[in-house]
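Residue-level listing of the chains:
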Amino acid sequence: WTHNMIEESEIINQPYSGQLTERIYDNDNAWNSQSWTWVKFIDHDSTEWCGQFRGFPRQVAISKTSNVVLVLTSDYLFQLNRVNGDLTKLENQPGYHNLTVSPNGEFIVADYYHVTKIVNDIDIKQNIESPIEMDMITFKAWTNSKLEFTCDEFLNWDRHLTMEYNCETNKIEIKNAT
């Protein structure tokens with residue numbers, strides 16, 4: 001099993017048998033769901049292959065600066081080595097619903113209430129302070145160094161906000177509120 005630097009990734013439907021070379025990423029655990037996530041990877045030499053990950057699909061992101069690939073499912077946060085596709089770490093029942101990578105190569109994750117930065121490794125996390133208590137966080141898109149996301153104010157669910165996280169200042173600000 002040899003690879004040549006993962007360049008691209010996308011969550012796909014289960015491929016036809018034999019359509020792509022497949023590699024299974026699983027962890028023996030009584031709490032595992034019956035769901036699976038399939039991710040198509042494209043290597044530097046344009047080779048396409050598929051990873052099968054335990055859990056319902058959420059998101060996948062690649063950091064070219066730290067040479068790490070993160071795959072988020074309902075069951076696990078998988079950390080892969082981008083150079084060879086090997087599983088290096090996993091986090092059980094992560095609770096995250098959002099995963100993205102900043103332009104400077106840092107991973108940003110969120111559960112419903114908090115935005116967290118992952119610094120090169122899923123064991124190294126930094127909570128990002130917010131001006132309000134948040135609920136129902138949903139990542140939208142990056143514009144240069146700013147990640148736009150929406151949320152509701154915790155315990156004030158009629159207040160819907162658009163927020164911005166700036167990866168250069170590491171700060172969250174309210175963009176607008178309704």
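Residues numbered from 1 in each chain as written. Predicted model: local features only at pLDDT ≥ 70, side-chain atom pairs only at ≥ 80, totals over all residues. Heavy atoms only, no water.

Asker: Honestly, the sheet that holds strand 6 (residues 68–73) in this entry has me stumped. Any pointers?
Answerer: The strands making up a sheet are joined through hydrogen bonds of the backbone, oriented either antiparallel or parallel. Ordered in space as 5-6-7-8, the 4 strands form an open sheet in which the pairing is antiparallel. Only two strands of the sheet have a single neighbouring strand rather than two, namely strand 5 (57–63) and strand 8 (87–92). The average undirected angle you get between the axes of adjacent strands in this sheet is 15°. Bridging between strand 6 and strand 7 (residues 76–81) involves 5 bridges; their strand directions are antiparallel. Among the inter-strand pairings, Val71 is bridged to a residue of strand 7, identified as Phe78. (Pairing = 2+ DSSP bridges. Helix = DSSP H or I, 4+ residues; strand = E, 2+ residues; numbered from the N terminus. Axes fitted to C-alpha atoms, helices over the stretch in contact; angles between N-to-C directions.)

Asker: I keep staring at the packing of aromatic side chains and nothing clicks. Help me out?
Answerer: One pass over the full model with this rule turns up 10 aromatic pairs. An aromatic cluster is built from Tyr25, Phe41, Trp49, Phe53, Tyr76 and Phe78, whose rings are joined through pairwise contacts. (Phe/Tyr/Trp six-rings, centres within 6.5 Å; stacked < 30°, edge-to-face > 60°.)

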